[in-house]
Each structure stands twice: as structure tokens, then as C-alpha cells.
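One letter stands for each residue in the lines below.
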Amino acid sequence: MKKIPLFFISFIFYGCLTEGNRNQPQTYENPKIEALIRQMTLEEKVGQLNFYVGDLFNTGPTVRTTESDKFDQLIREGKLTGLFNVHGAAYTGRLQKIAVEESRLGIPLLFGADVIHGFKTVFPIPLASAASWDLEAIEKAERVAAIESTAAGINFNFAPMVDISRDPRWGRIAEGAGEDPFLGSEVAKARVRGFQEQSLTDPQTMAACVKHFAAYGAPDGGRDYNTVDMSERLLREMYLPPYKAGIDAGAATIMTSFNELNGIAASGSQFLLRDILRKEWGFKGMVVSDWQSVNEMVAHGNAANNAEAAMMALKAGVDMDMMGDVYLEEVPRLVNEGKLDIKFVDEAVRNVLKLKYDLGLFDDPYRYSDTIREKNNIRAVEHLEAARDVAKKSIVLLKNKEKLLPLKKSIGTIAVIGPLADNQADMNGTWSFFGEAQHPITFLQGIKDAVSGQSRVLYAEGCNLYDRSKDKFAEAVNIAKKADVVILAVGESAVMNGEAGSRSDIRLPGIQPELVMEIAKTGKPVVALVMSGRPLDLSWLDENIPAILEVWTLGSEAGNAAADVLFGDYNPSGKLPVTFPRNVGQVPIYYNHKNTGRPYEGDYSEPLSERIYRSKYRDVQNSPLYPFGYGLSYSTFEYSDITLSADTLNAGESITASVSITNEGPYDGEEVVQLYIRDLVGSVTRPVKELKGFKKLMIKNGETVKVDFTLSSDDLSFYRHDMTYGIEPGDFQIFIGSDSKNVKEQHFVLKN
Ligand code: GLC
């Protein structure tokens, strides 16, 4: 059959397209796509559902080594819808040319990748940028990531990861926005806007992929890929909102998760993929499995074999099989044997072709393979500036005893110590395959570049991250004794968190705790830079180290951003997006917990008779080491009492809650003002706090600003006893403050 020049056909029908609004992928019935589907053989249809990793690097269990020339043949035969983890304008252009000119129907390829926190300009890991609570900075970071990666041929990004997690043992907590559904939803929207902007037809935008659907962040024991089992109410109130937020922001695709949820693997779940995603949320985009997650339904025990897994996944609505070969190998036979209705295949093909059409690939298949754009856009100066900006805003000041920080640039001698002090390779962090190890600015380099000429900077590694050798302790102690201040860079390597990076022990890895103790024994003032992809158990540091900065994993500009904060060029404004426990035994511990029938908020100073029968541990306080939303500034912000526009809120109306905040100095600084509510009585128990708003604003030294929050009755909705979503009249508390503990409080009554 003569190949129909698709770009010609698309020109005819292009006018039929209505510019879909940014909140949903275009939902047009596309005559060109329908015409194309009618021409396709069953094998060609299934080929559009088959998605392979390229030959640059694997991000999952290696299932085959397909030499790159085999890709060429698979593409010619129409057996590949695209490749991921390939990049490069020339390389993708070559593969695209084979698809367009040498396959029967010339359907263009998708090129996917995990651009999780930047491409060549590596940004802070997502948990870090979430700690900035700066939605503009986050969107800007993803815009830069899109500009760079689309210049290298990538048009389908497997991000944002929006999984809520309350468990620091889970390594992938590094990839999300922490424990709260409100913050997680706002961050999800900002990331999708950054990747997709107004329209996917812009070659500097790429399809976002909200992942991992759903509740992947709640595995038993914090162990990756483990079982997830929870009430529907908890699922809907705590875990689903960020996925919906990403979809409502217009995300073109969604990725299913590895885990089972309540007995059904997510990649075969009608409840998740049909009932919630398609029917309730109206999602019109494309669903891709995770790496072999369709096959893994056999291991889960939902399917006896790959054929059953393929049927279960396609009927549930998984359009594309990542790396499983299950659709390619099983679906044609299942259809020909009458076991699988072709309509499920056509529906999946339609969703895949719509994505390619929305990306403009039928009009110009080479729009993402532009070597000139690639040369000009990668690691542009303004990109690195954006990375430094969001990195410094992500740093959280956890402790600053006697205002040790900020340091003077003219300080005499600084000892920079630790396995992460002069370590470029780990600075990019987890999921940074496109970043290059020789690029990041280390903490040592950033400090050297920041101090004045007369300062002396000494360096010692002190120990490494993995073994228990103390051979380098003496050198580190020696330079510490010579210094006026010690900067101690400790924490996790890039591979100690992220996928398959769960840890049962969340203390500093290896021999680092002993190194910290030895340095503390010198009696010198010590500033700890804690680099991690999760909350760590910092209890000993909190007791013994005068200043502590959580620097997460900051990417290309790590050293410069840390120096900006250390020397006061930037007043730290980060706030924790996740609770830091006193030890792993407290996990799960999170701010939006229930009150229980025997609550205990004390500090064990009460008489035993008053605290014995309360919900608590015998060996550690109930309170976390650092609560959700916590972060200090070099300035002090004084909050006034809350004033409400009314003390009752009627259904369908709103009230305004206001505070005045004074920056008592001594520096200008940004503050994240947080609004929480508590529904005191309900048909089901309610959390003791729920984040319902936040504003990050600059307040100049000595300035007082008034901040208003508008709260509508809808904001107070929840899944009631009968699982209907709505409000219930009654008493509410409202809190406004600088974190989830340090708040001013007021009351109001909600009326029907
Ligand atoms: C991985 C991850 C997923 C990623 C995919 C492709 O296993 O779970 O987040 O997008 O495979 O690399």
C-alpha cells in the first residue's frame, strides 16, 4: 500500500483542531488519527504501544541488550513507538528519519527520559526545590529543564514524580515534594506548567508525565516496590490530590506505579485507571506503565502469565507497555483468538497517536532534533543562574546557636571537612543521568570563591561515605584545630537515596557520626552542611553542633548556593516539606496526624501519673526533631495575632484571615507564611492540622507586612463518614505561622 504522506494529511485537518486549553490535553476527535488507525494492521497498532529503553543506560532491571542496530530494524517494522533514555539531536534525528521514511506508515517516534531535576544544568533534587516553597522558582527550573532536554531530542518527560511520602526510609522520597497533599499539589502544578507551558506544539515544551499512579510512596516498611494497603479515605485525602493537580494542570500523560494497592497492582487497576483517572477526573491523555510493571502483575499474583497481564492492563487502560514486551508478544494472538476486544487496542493506539499529534510530531517529526538549538541551549549562563537561585532558596536552616551564621568572608581560617566537601560526583544526586560529574561546584569550591583574599581555607576529607576507616580522622582533626570555624559536609551519596534506595537506618551513613563527634571534640565552632535525599536522624548533631543547614542535594550550583547562605549573601528561607524524626523508630511521623483518644504533646516533665497512660514512647518524645514547615532565618519574624473577617463562615462563602509580620532583623529575608486549619469534630476524626495555604514573601529588615488568606467553605471539604465529599458544620481552629508548630491560633464556626 502506498504510504500516505502524513504531514500532508495533517495539514488538511490541522484546521480542525481546537486549541485545547492548557488544563487538559486536546480532546478533539482527530480525523487524521482515525484515518490512520483504519490503515493500521494489528501488528502496527501493537507496535505503537511498545516502548523500549535505548542503549545509553538502563533505569531498571536489564532485560535485554538490544544493540542499537536492532532498534533500526524494529523501527522499520513499526514495532517501536519510541525509545527512552536516548538523547542527542543527531541521534534522535537519525532514528526519527528511519521511522518517518523507512516504516510503512511513517509514524514518528517519541523520545522519553527522566528529566527529574534538570538536564545538563542539574537543579536541586525535587525534595529540595519543594523545600523552597517557591512555586515560581520551581516552574522556572522545569522550564529550563524543558528548554535543554527538548534541544537534545527529548519530547516526553517522565516527570513530575508527585508521590506523597511520610516515610524517610523510602529512597524515592527524594524525588517528590514530601508529606503534604496541599504543598504537593501546588508543586505538581508548577512542574507541569514548567514542562508544558501553554501548548505542546511549542518545540521547547515536552509532555509531562505525572507519576507513579498511585500511592507508590506508602510502601510497607518504607521498602521500595513493597505492598501498599490503605483506606480509600486516606488514599483520597492524602495521596491522590497531587496526581489530580498535575492532571488538572494539563499533564499529557500519567505513569502507573509498581506497587499493588489494596490487592490490585496499579497497572491493572480498573479502580485507579478507569473509575478515578478517566471517569472521575476526566483524564484524556495517555497512560504508560512503569518499567515492566505490566509483566510484574504475574509476580504480584494478579495474573497467571504475561497474556493475562496484558489483558488486565489493556482493559484497565494502560496504553503503553514500557520495556515489558508483553503487548508486542501477547496482544496480536489474544485479539486473533477472540480473547481481547480490538477496541481496547484501538483506544490505546488513539491515546498514543494523539500524544504524538499534540507534540506536533506529525507536522514536523524533526522539531526536537535540532543540533543548532542543542549547541546554543545546553548549560546556558542563565540556566546556571536559575539553578543557583532555586538551590539557595531550598536550603533549610535547622539550627543557628548564638547566631554563628552567617560567617564573615574575612574570617581568618576555615576548615572544610567531610566526604561531601569536595565531591563533585555526588552533587548531582539521584536521577541525574544527563548531568556530568565534572560540572558541579563543590562546597569547597564555592567557599573558596566566596571568601576574601586574606582568608585561609583548609580541606580534609575526614572519611569516605562507605567504609568504616578512621585513617583520615587525624588529618581532619588537625586542620580543625587550626581553624576559626569548621564547615562539615556530611550526609548521603547520590546512590543512597532514589529508586531502590530504601534504608532501614536513617542516621549519617558509615563512619560519619564518629567523624562528627571527633570534630566536635575540638571545641571549634562547627557548621554542618547535611546533604541528603531524605530526612536523616540528626539528633546527635542537634544536641552538639551549633549550626546545621539541610542542603539536600543541590546539583550544578551546590557550592555557590551553599556559600551564598553561609556568608549571608542570601538569608535562608527554606522550610521542610517533610517531618524530620528524632529516630527511625518514630516513623511514620507526620504533622497532619490524628489526635487519638489519649494524645500526648508533653515533654515528659509532668508527674508520671499524668502521662503514663498516654499515646507515647518510653524512650523518645512524641514530637519530631524538626516539624513539617520548619526552617529558620538569620532574621526574626514576629507574627501578630490572627484577625478574621468574621467568626462564622457560611456554606458557599469565604472568610479572610490576616496577620501582620514584622521582620525584626537584622537582615532582609523571605518568609513562608503558612495557614493551617483543624476541624475539631466530624463524622470521622480529622487531622490535628491541615495545610490550606502558604505565601512566600520578602520582608525587609524592620518592615511590617500584612498577609491575608481567603478561606472558602469548600476548602474545608473532606470525605465524610459515607465517603461523600463535602463540608460539615462545626467548630474550626485556624493557624497561621512560620511552621506547623510555631503558629498563632483563632477559632471560627462553619455553618451550613
Ligand atoms: C523506573 C522508574 C520510573 C522511570 C522509569 C523509566 O523504574 O520507576 O520513575 O520513569 O523506570 O526510567
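Treat the numbers as computed from the prediction; the structure is a model and nothing was measured. (Residues numbered from 1 in each chain as written. Predicted model: local features only at pLDDT ≥ 70, side-chain atom pairs only at ≥ 80, totals over all residues. Heavy atoms only, no water.)

**Topic: the overall build of the chain**
Then comes step 1: A count of helical and extended segments in the chain gives 23 helices and 27 strands.
Then comes step 2: For the chain, whose C-alpha radius of gyration is 27 Å, the value lies close to the compact-globule estimate of 27 Å for 752 residues.
Then comes step 3: The dimensions of the chain, computed from C-alpha atoms along their principal axes, are 80 × 65 × 50 Å.
Then comes step 4: Expressed as a percentage of its 752 residues, the buried residues of the chain come to 62%.
Then comes step 5: Once local pairs closer than 6 in sequence are excluded, the contacts in the chain between residues at least 24 apart make up 79%.
Then comes step 6: As displayed, the chain offers around 26,900 Å² of accessible surface, 49% of which is attributable to carbon and sulfur atoms.
Then comes step 7: Of the side chains in the chain, 82 bear a positive and 101 a negative charge, and the two mean positions are spaced by 1 Å. (Helix = DSSP H or I, 4+ residues; strand = E, 2+ residues; numbered from the N terminus. Rg over C-alpha atoms; globule rule 2.2 N^0.38 Å. Buried < 20%, exposed > 50% of the residue type's maximum accessible area, 1.4 Å probe, protein only. Contact = heavy atoms within 4.5 Å. Areas by Shrake-Rupley, 256 points an atom, 1.4 Å probe, with all protein chains shown as cover. Lys, Arg positive; Asp, Glu negative; His and termini not counted. Charge placed at Lys NZ, Arg CZ, Asp CG, Glu CD.)

**Thoughts on helix H13 (residues 306-316)**
Then comes step 1: Among the residues of H13, Ala307, Ala309, Ala310, Met311, Ala313, Leu314 and Ala316 are the ones counted as buried.
Then comes step 2: Of the surrounding elements, those touching the buried residues of H13 are helix H11 (270-280), helix H12 (296-300), helix H14 (326-336) and helix H15 (342-358).
Then comes step 3: Where H13 begins, the side chain of Asn305 points an oxygen toward the backbone nitrogen of Ala307, at a separation of 3.1 Å.
Then comes step 4: After H13 finishes, the residue Gly317 shows a positive phi value of roughly 110°. (Polar contact = N/O pair within 3.5 Å; in protein donor to acceptor, adjacent residues only side chain to side chain.)

**Digging into the site of the ligand**
Then comes step 1: Not every one of the 14 residues close to the ligand is listed here, only the nearest: Thr59, Asp114, Arg172, His212 and Asp290.
Then comes step 2: Separating an oxygen atom of the ligand from a side-chain N or O atom of Arg172 is a distance of 2.8 Å.
Then comes step 3: For the ligand, the protein covers 100% of the area, taking 310 Å² as the surface of the free molecule.
Then comes step 4: Among the residues forming the shell around the ligand, the class breakdown is 7 nonpolar, 2 polar and 5 charged. (Near = heavy atom within 4 Å. Nonpolar A, V, L, I, M, F, W, Y, C, P; charged D, E, K, R; others polar.)

**Overview of the packing of helix H9 (residues 232-239) against helix H10 (residues 241-248)**
Then comes step 1: Taken N-terminus to C-terminus, the directions of H9 and H10 make an angle of 50°; their axes are 6 Å apart at the nearest point. It follows from the interaxial angle that H9 and H10 lie oblique. Every residue of H10 that contacts H9 at Leu235, Arg236, Glu237, Met238 and Tyr239 is listed here: Pro241, Pro242 and Tyr243. (Axes fitted to C-alpha atoms, helices over the stretch in contact; angles between N-to-C directions. Parallel < 35°, antiparallel > 145°, perpendicular 65-115°, else oblique.)

**A word on the UniProt feature "domain: Fibronectin type III-like" (unreviewed entry) in the chain**
Then comes step 1: Mapped onto this numbering, the UniProt entry annotates "domain: Fibronectin type III-like" (unreviewed entry) at residues 671-740.
Then comes step 2: Within residues 671-740, the helical portion is 0% and the strand portion 57%, while the C-alpha atoms at the span's ends are 14 Å from each other. (UniProt positions renumbered as here; feature names shortened; annotations may be inferred.)

**Looking at helix H7 (residues 135-151)**
Then comes step 1: Helix length check: H7, at 17 residues, gives a terminal C-alpha distance of 24 Å against a target of 24 Å (1.5 Å per residue), a fit within 8%.
Then comes step 2: Backbone nitrogen of Glu136 and a side-chain oxygen of the N-cap are separated by 3.2 Å at the start of H7; the cap is Asp134.
Then comes step 3: Gly153 occupies a position one or two residues after H7 and carries a positive phi of about 95°. (Expected span 1.5 Å × (residues − 1).)

**Focus: the sheet that holds strand E10 (residues 321-322)**
Remark on secondary structure: sheet strands pair via backbone hydrogen bonds, oriented parallel or antiparallel.
Then comes step 1: Strand order in this open sheet of 5 strands is E4-E3-E2-E1-E10, and the pairing throughout is parallel. Single-partner strands in this sheet number two, and they are strand E4 (156-157) and E10. (Pairing = 2+ DSSP bridges.)

**Quick notes on the pairing of strand E26 (residues 730-737)**
Then comes step 1: For E26, the tally of buried residues reaches 6 of 8 residues, placing the bulk of the element in the interior.
Then comes step 2: By the bridge criterion, 6 bridges tie strand E21 (residues 669-679) to E26 in an arrangement that is antiparallel. From the neighbouring strand, Leu675 faces E26, where its bridge partner is Ile736.
Then comes step 3: With 8 bridges connecting them, E26 and strand E27 (residues 743-751) associate as antiparallel partners. Its bridge partner being in E27, Gln733 is matched across the sheet by His747.
Then comes step 4: Once E26 ends, the chain turns through 5 residues before running back antiparallel as E27.

**Section: the packing of aromatic side chains**
Where two aromatic rings form a pair, the distance of their centres and the angle of their planes describe that pair.
Then comes step 1: The final tally for this structure, using the stated rule, is 26 aromatic pairs.
Then comes step 2: Seen in terms of ring centroids, Tyr591 and Tyr676 are 5.5 Å apart; in terms of plane orientation they differ by 70°. Their pairing is edge-to-face. You can see Tyr591 sitting in the loop between helix H22 (558-566) and helix H23 (608-611) and its partner Tyr676 sitting in strand E21, a full 85 residues away along the chain. Each member of the pair, Tyr591 as well as Tyr676, is classed as buried. (Phe/Tyr/Trp six-rings, centres within 6.5 Å; stacked < 30°, edge-to-face > 60°.)

**Re the sheet that holds strand E14 (residues 485-491)**
Then comes step 1: The strand order across the open sheet formed by 6 strands is E11-E16-E15-E14-E12-E13, and the pairing between neighbours is mixed. What marks the edges here is a single partner per strand, and that holds for strand E11 (396-400) and strand E13 (456-460). Between one strand axis and the next, the sheet turns through 15° on average, direction left out of account.
Then comes step 2: Where strand E12 (residues 413-417) meets E14, 4 bridges bridge the pair, whose relative direction is parallel. When the bridges of E14 are listed, Ala415 appears paired with Val486.
Then comes step 3: Of the strands in this sheet, E12, E13, E14 and strand E15 (526-531) are in contact with helix H18 (residues 443-450), which crosses E13 at around 170°.
Then comes step 4: Sheet strands touched by helix H19 (residues 473-482): E12, E13 and E14. Its angle to E13, the strand with the most contacts, is close to 160°.

**Notes on unusual backbone geometry**
Most of the time, phi is negative for any residue but glycine, and the peptide bond is trans.
Then comes step 1: Note that the residue after Ala159, namely Pro160, is joined by a cis bond; omega there is 10°.
Then comes step 2: In this fold, Pro160 is placed in the loop between E4 and helix H8 (181-196).
Then comes step 3: That bond from Val587 to Pro588 is cis: its omega, 5°, falls within 30 degrees of zero.
Then comes step 4: Considering the arrangement of structural elements, one finds Pro588 in the loop between H22 and H23.
Then comes step 5: Phi at Glu197 takes a positive value of approximately 50°, unusual for a residue other than glycine.
Then comes step 6: In this fold, Glu197 is placed in the loop between H8 and strand E5 (209-213).
Then comes step 7: With a relative accessible area of 34%, Glu197 lands in the partly exposed category.

**Focus: the pattern of salt bridges**
Then comes step 1: Evaluated as defined, the whole model comprises 44 salt bridges.
Then comes step 2: Across the pair Glu337 and Lys339 runs a salt bridge whose closest N-O atoms are separated by 3.1 Å.
Then comes step 3: With relative accessibility at 42%, the residue Glu337 sits in the partly exposed group.
Then comes step 4: Across the pair Glu690 and Lys692 runs a salt bridge, and its minimum N-O distance is 3.9 Å.
Then comes step 5: Here the residues in one salt-bridge network are Glu237, Arg686, Glu690 and Lys692, joined through shared partners. (Salt bridge = Lys/Arg side-chain N within 4 Å of Asp/Glu carboxyl O.)

**Brief notes about the domain arrangement of the chain**
Then comes step 1: Along its sequence, the chain is carved into domain 1 (40-374), domain 2 (395-566) and domain 3 (637-751).
Then comes step 2: Taking only C-alpha atoms into account, the centre of domain 1 sits 36 Å from that of domain 2.
Then comes step 3: Opposite the 32 residues of domain 1 that make contact, domain 2 presents 26 residues.
Then comes step 4: When domain 1 packs against domain 2, close to 2,400 Å² is buried across both sides, 63% of that on carbon and sulfur atoms.
Then comes step 5: Looking at the side of domain 1 facing domain 2, the largest losses of area belong to Lys120, Val122 and Pro168, adding up to 21% of the total buried there.
Then comes step 6: The interface formed by domain 1 and domain 2 contains 2 salt bridges. (Domains from an automatic or database assignment. Buried area = accessible area lost by both parts, 1.4 Å probe.)

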